Amino acid sequence: MSFVSPSFPAFFAVVFGIHYALSWNHRAQSVALIVASLGFYGWVDTWMVGLLLGAAMLGYVSALGVAADQAKGRDGGRWLGLVLAGNVGTLCTFKYFNFFDRQIVAALQALGVQANESSLQLILPIGLSFYTFQTLAYVIDVWRGHAQPKRDLIQYLLFVVFFCQLVAGPINRAKQLMPQVESVRRFDLTNVLSGLSLALWGAVKKVMIADTMSPYVDLIYAQPDPSWAMIWAAALGFTVSVLADFSGYTDLARGSARMLGFELADNFNHPYLANGPAEFWNRWHMSFSTWLRDYVYMPACFSPWVKRWITVPFSGEWSPFWHTTRALTLTMLVSGVWHGSTANYVFWGGYYAALGTVWTWVHSKVPKKLKKSRNWRPFTVPLMFMFTVVGMMIFREPDIGRFFSHLVRNPFGGTADQWVVAGGMLAMCAGGAAPLLLALVWERVVAPRLSTSPWALPVRTTSWAVALILLVTFYRRSTGEFVYFQF
Amino acid sequence: MADTLARLTEVFHDVFDDDTIVLSRSTSAADIDGWDSMMHVTLMMRIEQAFKLSFRSHEVTGLKNVGELADVIDRKLG
C-alpha cells in the first residue's frame, strides 16, 4: 500500500484508533502495529512478508549471538558475518540477478553459444534495501557495543517492520527508535496535529509537485533528439521533482509516525542550499548518508586491512588525503551500485567521489579569510546546485553515451517548438520550486512566531484546507508510486 | 589526561589551521568551524599519527565530545 493510495487514510484511521485504544499496554500497542505493518506490507504481494520476517529474524538471532559470544570473551564476528552474508546476499540476489543473467547470456551469444535469458526474472521486493540496512546497522551496533541486543521479540519486530518506515525509510538506528518502541505511546494532541501537518505537506509535495512535473520530464527524456535547452530544463525539472517526491514521501512517513507517537529520523534538510558536496550529503537522504558514513566510509578509512594492503603500497606513504579519497570513492561507488545495476548509477557514484575530492582539495587552498566572508556562501551554494543538476542528469539518464551527447549539444540549437517546450519546462520548475521555497520561509520565519500566537489555530486549519483542496485538485495525475520504491 | 588534551589541541590547531582553538572535555564538533564528517576522518588520522596509535572505526564513530575522544586515546595508550 502506498501512502498516497485512496485506501491509506482509511487504513491509517483504523490503526490510529486501535493504537490509542490500547494505550494502557504498550506491548498490546506494539502487537497491533506489527499486525498492521505486515498487512500494509503484504497488501500487494504476501510472499514479500516472508522475506521481511526472514531478514528480521536473521538480525534478531545474530544480535543475540553476538552478545552471547562477547559475554564469553569472543569477538562475535561469526554472527556479524552471518547477518552480512545473509542480508547482503539477499539484497544482491534480488537487485542484480537479472543484470548478471543478461550479461552472461550476452557474453555467451557473443561467443556463438546459443543461450536465452532465464525465465526467472526476479522482482525486487519493495523496501528490501531499507529494512536490510536497518537490520544490519542494528547488529553492527550491537557488535560495536553501541546498542544493546533486544531479547523481546515483539519490540524488536516493531523496530524492523513498523509500516511508516518500512518501504523507503528513513533508516532508523536502534539507539533512536528502540527506546520509543519500548515505551507506551499516549495520545498527545500537539504531536498528532504536528504530524498531520507534516504528512499533509508531504502529500502536497508528492501529488502537486512531483507527480505533476515528472510526466513532462519523462516525455522530454523520451525524445530521440532533444535540444540542449530542453534536456537541461528537463534535468532541472527532475532535480525539483525528485526532491519533492522523496522528501514528500519522508514527510508522509515521519508525519504518520508522529501521529502514532514515534519520531523517525529526518532525511532532508534543504539539500539544494548545500555549500559543497560534504554538506549536500549531510542534507540529502540523511539517514542513508549517515548509514554509508558509519558502516562503509569509516570502516574503509580505519580498517587495518585497507591501511596495510591498499594505502601504503599505492601511495608510498600514509596520507590522510589519499586515504580518505579512496574511502570516499569506495563509498560513493557502493552508493551508486546500490541504486541500480545500470552503468549510469556507477558513473553517478564516481562523479560524486571525484566532485568531493576535487572540492575538498580546492577548498583547502582557498584563503580562510575568503571562506569566512559573507560572499563565500552566495558563491558556493549556486555552484554546488549546478553540480547537483549535473549529478541528477547522470542519475536520470541510463545511457551514458546519451548523457555525454547532451553535454556537447549546441546551446543555441533547436527548433522554435523545442524552445517553447524548454521554456514551459522552466516555468514548471519555477512553479514547483516556489512552494518549496515558501516552505523554507514558513519553517524559518513564520512557524517560530506562530507557535505562541493566537493565530496559530486559524492559520493551521486554513493551511490544511488549502492542502486538501490542492490534493483533490491534483490527485488524478498521481501515480502513487515513489521514485525510491525501486531502490 | 591533561597531557592528552594538550597534545590534542596541537593536532586541532594543525588540522583546522586555527591556533585560537581552545579544547576542553566538553568541546564538540558544533563548537569548531569546519569539523564535519569529512574533516572528522582527517582529524582522527592525524591523531593516529601524532599519538602513534591505530583507531578502529567503531572507536571514532558516535563520539559526543573531545572528552570521549581523549578517553579512547588514553585507553589505547594505557
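Residues numbered from 1 in each chain as written. Chains lettered and ligands numbered in written order. Predicted model: local features only at pLDDT ≥ 70, side-chain atom pairs only at ≥ 80, totals over all residues. Heavy atoms only, no water.

**Student:** Looking at this structure, how should I read the interface of chain B and chain A?
**Tutor:** By a frequent convention, interface size equals the accessible area lost on bringing the separate parts together. Taken residue by residue, the interface counts 22 residues in chain B and 21 residues in chain A. Taken together, both faces of the contact between chain B and chain A bury some 1,900 Å²; the carbon and sulfur share is 66%. Taken together, the connections running from chain B to chain A amount to one salt bridge. Taking the shortest distance from any N to any O, the salt bridge between A:K372 and B:D33 comes out at 3.2 Å. Looking at the side of chain B that touches chain A, the elements with two or more residues in it are α2 (37–51) and α3 (57–60) of chain B. The leading source of residues in the side of chain B that touches chain A is α2(B), at ten residues. (Contact = heavy atoms within 4.5 Å. Buried area = accessible area lost by both parts, 1.4 Å probe. Salt bridge = Lys/Arg side-chain N within 4 Å of Asp/Glu carboxyl O. Helix = DSSP H or I, 4+ residues; strand = E, 2+ residues; numbered from the N terminus.)

**Student:** Mind showing me how you'd approach empty space enclosed by the protein here?
**Tutor:** Think of a ball as big as a water molecule: rolled over the atoms, this probe shows where empty space is left. All names here are of chain A. Counting across every chain of the model gives two cavities of 30 Å³ or more. Put simply, the second largest cavity is a space of about 40 Å³. Listing elements by their share of the lining of the second largest cavity, those giving two or more residues are α5 (128–144) and α7 (163–166). When grouped by side-chain class, the residues that make up the lining of the second largest cavity number six nonpolar, three polar and no charged. (1 Å grid on protein atoms, 1.4 Å probe; cavity = no way out; pocket = protein on both sides within 12 Å on 5 of 7 lines; lining within 4 Å. Points joined across faces, edges and corners; volume = space filled by probe spheres on them. Nonpolar A, V, L, I, M, F, W, Y, C, P; charged D, E, K, R; others polar.)

**Student:** What should I look at first to understand the packing of helix α10 (residues 228–259) of chain A against helix α19 (residues 416–450) of chain A in this one?
**Tutor:** Helix-helix packing is described using two parameters, namely the angle between the two axes and the distance between the axes. Residues and elements named next belong to chain A. Following both chains from N to C, one finds α10 and α19 inclined at 20°, their axes separated by 9 Å at the closest point. Judged by the angle between their axes, α10 and α19 are roughly parallel. The two elements α10 and α19 meet at a crossing, and its hand is left-handed. Touching A229, M230, A233, A234, L236, G237, V240 and L243 of α10 are Q418, W419, V421, A422, M425, L426, C429, G432, A433 and L436, all from α19. Class assignment for the residues of the contact of α10 with α19 results in 15 nonpolar, three polar and no charged. (Axes fitted to C-alpha atoms, helices over the stretch in contact; angles between N-to-C directions. Parallel < 35°, antiparallel > 145°, perpendicular 65-115°, else oblique. Left-handed = near helix turned anticlockwise from the far one by under 90°.)

**Student:** Looking at this structure, how should I read the side chain of B:T27?
**Tutor:** All names here are of chain B. Summarising the element assignment, T27 is placed in the loop between α1 (2–15) and α2. Relative accessible area serves as the criterion here: at 7%, T27 is assigned to the buried category. At 2.8 Å, the side chain of T27 and the backbone nitrogen of S24 are in polar contact. Not counting the four nearest positions on each side in its chain, T27 is found in contact with V22, I32, N65 and V66. (Buried < 20%, exposed > 50% of the residue type's maximum accessible area, 1.4 Å probe, protein only. Polar contact = N/O pair within 3.5 Å; in protein donor to acceptor, adjacent residues only side chain to side chain.)

**Student:** Can you help me understand α10(A) in this one?
**Tutor:** Residues three or four positions apart in an α-helix share a direction because the helix packs 3.6 residues into each turn. All names here are of chain A. Taking 1.5 Å per residue, 32 residues should reach 46 Å; α10 reaches 46 Å between its end C-alpha atoms and fits that length. A large share of α10 lies buried, amounting to 29 of its 32 residues. Count one or two residues on from α10 and you reach G261, which has phi positive near 95°. (Expected span 1.5 Å × (residues − 1).)

**Student:** Looking at this model, I keep getting lost on the nonpolar core. Mind explaining?
**Tutor:** As a rule of thumb, nonpolar side chains are buried together in soluble globular proteins. By size, the foremost hydrophobic cluster in this structure holds 153 residues, and its most contacted members are A:F162, A:F163, A:L260, B:L8, B:F12, B:I47 and B:F55. Element by element, the count of residues in this core is highest for α10(A), at 17 residues. (Core = buried A, V, L, I, M, F, W, Y, C linked by side-chain atoms within 4.5 Å.)

**Student:** Would you mind showing me how to read the packing of helix α15 (residues 343–365) of chain A against helix α17 (residues 376–396) of chain A here?
**Tutor:** All names here are of chain A. Put simply, α15 and α17 touch, their axes get as near as 9 Å, and they point 160° apart. In terms of orientation, α15 and α17 fall into the roughly antiparallel class. Judged by the sense of rotation from one axis to the other, the crossing of α15 with α17 is right-handed. Contacts between α15 and α17 involve N344, Y345, F347, W348, Y351, Y352, L355, W359 and H363 from the first element and W376, T380, L383, M384, F387, T388, V390, G391, I394 and F395 from the second.

**Student:** I tried to follow unusual backbone geometry on my own but got confused; where do I start?
**Tutor:** Peptide bonds are, in most cases, trans, and in most cases residues other than glycine have a negative phi. Positioned with a positive phi, A:H270 is a non-glycine residue whose angle comes to about 45°. One can find A:H270 in the loop between α10 and α11 (277–283). You will see that B:D17, though not glycine, has its phi angle at about 50°, which is positive. Taking relative accessible area as the criterion, B:D17 reaches 59% and is therefore assigned exposed.

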